[in-house]
Amino acid sequence: MTTADTIRRRAMASGLVAICLWGSLAALSVLAGSIPPFQMVAMTFAIGAFIGIVRAQRRGVGWARLVRWPARVWLVGVGGLFGYHALYFGALQLAPPAEANLVNYLWPLLIVLLSAPLAAENETGRLGWSHVAGAMLGFAGVALLAFGHGLHFAGDHALGYALALGCAFTWAFYSVLSRRFGETPTDAIAAFCAASAILSLLCHLVFERTAWPATPLAWLAVLALGLGPTGSAFYFWDHAVKRGDIRALGAFSYATPILSTALLIACGLAEPTSALLLAALLVTIGAALASRELWRR
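Residues numbered from 1 in each chain as written. Predicted model: local features only at pLDDT ≥ 70, side-chain atom pairs only at ≥ 80, totals over all residues. Heavy atoms only, no water.

1. Some points on the overall build of the protein
Helix and strand content of the protein: 15 helices and 0 strands. In terms of C-alpha radius of gyration, the protein reaches 19 Å, essentially the compact-globule figure of 19 Å for 297 residues. Taken along its principal axes, the extent of the C-alpha atoms in the protein is 50 × 50 × 35 Å. In the protein, buried positions account for 52% of the 297 residues. For the protein, contacts bridging at least 24 residues in sequence account for 89% of all contacts bridging at least 6. A total accessible area of about 13500 Å² is found for the protein, and carbon and sulfur atoms account for 69% of it. (Helix = DSSP H or I, 4+ residues; strand = E, 2+ residues; numbered from the N terminus. Rg over C-alpha atoms; globule rule 2.2 N^0.38 Å. Buried < 20%, exposed > 50% of the residue type's maximum accessible area, 1.4 Å probe, protein only. Contact = heavy atoms within 4.5 Å. Areas by Shrake-Rupley, 256 points an atom, 1.4 Å probe, with all protein chains shown as cover.)

2. Quick word on the nonpolar core
Inside soluble globular proteins, nonpolar side chains tend to come together where they are buried. Trp22, Leu81, Trp107, Trp171, Phe192, Phe234 and Trp237 are the most contacted members of the largest nonpolar core, which totals 67 residues. A total of 10 residues in this core trace back to one element, the largest contributor, which is helix α10 (residues 188-207). Setting aside anything within four residues of it in sequence, one finds Phe192 in contact with Trp69, Val73, Trp74, Gly77, Val78 and Leu81. If you look at the next biggest cluster of nonpolar residues, it comprises 8 residues, including Leu28, Ala32, Ile35 and Leu225. (Core = buried A, V, L, I, M, F, W, Y, C linked by side-chain atoms within 4.5 Å.)

3. Considering the pattern of salt bridges
Summed over the entire model, instances satisfying the criterion amount to 4 salt bridges. A salt bridge links Asp187 to Arg59, with the nearest nitrogen and oxygen atoms 2.8 Å apart. Residue Asp187 is found in the loop between α9 (158-180) and α10, and its partner Arg59 is found in the loop between α3 (37-58) and α4 (63-66); the two are separated by 128 residues along the sequence. Looking at Asp187, the relative accessible area reads 5%, which means it is buried. Residue Arg59 is classed as partly exposed on the basis of its relative accessible area of 49%. One connected set of salt bridges, linked through shared partners, spans Arg55, Arg59 and Asp187. (Salt bridge = Lys/Arg side-chain N within 4 Å of Asp/Glu carboxyl O.)

4. Observations regarding the environment of Ala86
Note that Ala86 resides in helix α5 (residues 71-94). For Ala86 and Gly48, which are 38 residues apart along the polypeptide, the C-alpha to C-alpha distance reads 17 Å.

5. Some remarks on the packing of aromatic side chains
Under the criterion given, the structure shown has 17 aromatic pairs. Of the aromatic side chains, those joined through ring pairs into one cluster are Trp22, Phe38, Phe45, Tyr84, Tyr88, Phe89, Tyr105, Trp107, Trp171, Tyr174, Phe234 and Trp237. (Phe/Tyr/Trp six-rings, centres within 6.5 Å; stacked < 30°, edge-to-face > 60°.)

6. Considering the environment of Leu31
Take Leu31: it is sitting in helix α2 (residues 25-32). Distance in space between the C-alpha atoms of Leu31 and Leu269 is 9.9 Å, their sequence separation being 238 residues. Excluding its chain neighbours within four sequence positions, the residues that come into contact with Leu31 are Leu217, Ala218 and Ala221.

7. Comments concerning the packing of α3 against α5
Two elements in contact, α3 and α5, have axes separated by 10 Å at closest approach and are oriented at 155°. Judged by the angle between their axes, α3 and α5 are roughly antiparallel. The handedness of the crossing between α3 and α5 is right-handed. For the pair α3 and α5, the contacting residues are Pro37, Phe38, Val41 and Phe45 in the first and Leu81, Phe82, His85, Ala86 and Phe89 in the second. Its residues assigned to classes, the contact of α3 with α5 shows 8 nonpolar, 1 polar and no charged. (Axes fitted to C-alpha atoms, helices over the stretch in contact; angles between N-to-C directions. Parallel < 35°, antiparallel > 145°, perpendicular 65-115°, else oblique. Left-handed = near helix turned anticlockwise from the far one by under 90°. Nonpolar A, V, L, I, M, F, W, Y, C, P; charged D, E, K, R; others polar.)

8. Things to note about the side chain of Thr170
Structurally, Thr170 is set in helix α9. Looking at Thr170, its side chain comes within polar contact range of the main-chain oxygen of Gly166, at 2.7 Å. Beyond its immediate stretch of four places on either side in the chain, Thr170 contacts Gly79, Gly80, Gly83, Tyr84 and Leu87. (Polar contact = N/O pair within 3.5 Å; in protein donor to acceptor, adjacent residues only side chain to side chain.)

9. Some remarks on the packing of helix α1 (residues 3-23) against helix α13 (residues 255-266)
Across the interface, α1 lies against α13 with an axial gap of 7 Å and an inter-helix angle of 40°. For the element pair α1 / α13, the angle class is oblique. Considering only the axes of α1 and α13, their crossing is right-handed. In this structure, α1 uses Ile19, Cys20, Trp22 and Gly23 to contact α13, whose residues at the interface are Ala255, Thr256, Leu259, Ser260 and Leu263. In terms of residue class, the contact of α1 with α13 is made up of 6 nonpolar, 3 polar and no charged.

10. Overview of a nonpolar patch on the surface
Together, Ile198, Leu199, Leu201, Leu202, Leu205, Val206 and Phe207 give the surface a local cluster of nonpolar side chains, amounting to about 720 Å² of exposed area. Following the sequence through the fold, Leu199 ends up in helix α10. (Patch = residues over 30% accessible without salt bridge, like charges linked within 9 Å, V, L, I, M, F, W, Y side chains within 5 Å.)

11. Examining the state of the cysteines
A full pass over the atoms with the stated rule returns 0 disulfides. Unpaired in terms of disulfides, Cys193 finds its nearest cysteine sulfur in Cys203, a separation of 16 Å. (Disulfide = S-S within 2.5 Å.)

12. Digging into helix α14 (residues 274-290)
With 17 residues, α14 extends 25 Å from end C-alpha to end C-alpha; this agrees with the ideal 24 Å at 1.5 Å per step. Listing the buried residues of α14 in full gives Ala275, Leu276, Ala279, Val283, Gly286, Ala287 and Ala290. Across the axial projection of α14, the buried residues extend over an arc of 100°, all falling on one side. Residues of α14 that are exposed and point more than 90 degrees away from the buried face comprise Ser274, Leu277 and Thr284. (Expected span 1.5 Å × (residues − 1). Arc of directions from axis to C-beta.)

Given below as structure tokens:
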């Protein structure tokens, strides 16, 4: 195994950690209780920024160096983190959550499709049929899981669906464009989280009423969210998309809603269904198909 293969496999492992952490998002959000969305983002992103600052300082990188990035890097970073969450919460306000989430989960497929023209994938080969087929199988699994809970797309929620589609494109563009800025260290995520926390706080003050976690368990859930799915997961994902096989990562990402549903079931917050097993099988086959070149090497 060459050094390049080792780096790539470690990056893929980093991406899988991020996906697993995102799988805990729903369960932790339920445990956190009814906290306004932008307030939740401000709180958890502040924790995420703190993680990055401590990580950087332990490596001798001061705060001043964490903010000295070109404007285009700031645009991609803050636009991806804050823009995605702002659009997502808007979509949930204007459309049913199940339908909005299904549209939102076009982002892994879009990552695969956009990787060839935008992510400079020439060094790993062109986009192949296995990548597209793997991502399509993943989306089919997520769609099956969603339709198993009953879906009904209504025209009066068109704006919400449009915002959810904006979510998908925002995260896909953020992921593939981050690869183009591969020379930007992952330390930059700390600055992006801090800026996103400030913007979320401003939105909270304008649009929401403050509601603090009601119990110690809820406070622990908020802390876990900041340490995991809305904190350290961004650092793992940044390393993964810059050093790993971004096409395979796109297909692997469809495991997120499967893991999320499975964890809700394990916590007694949802009921198991046969659709979950079939959806997990489709996602697994899709991920294996999309990553076959990686395992062959």
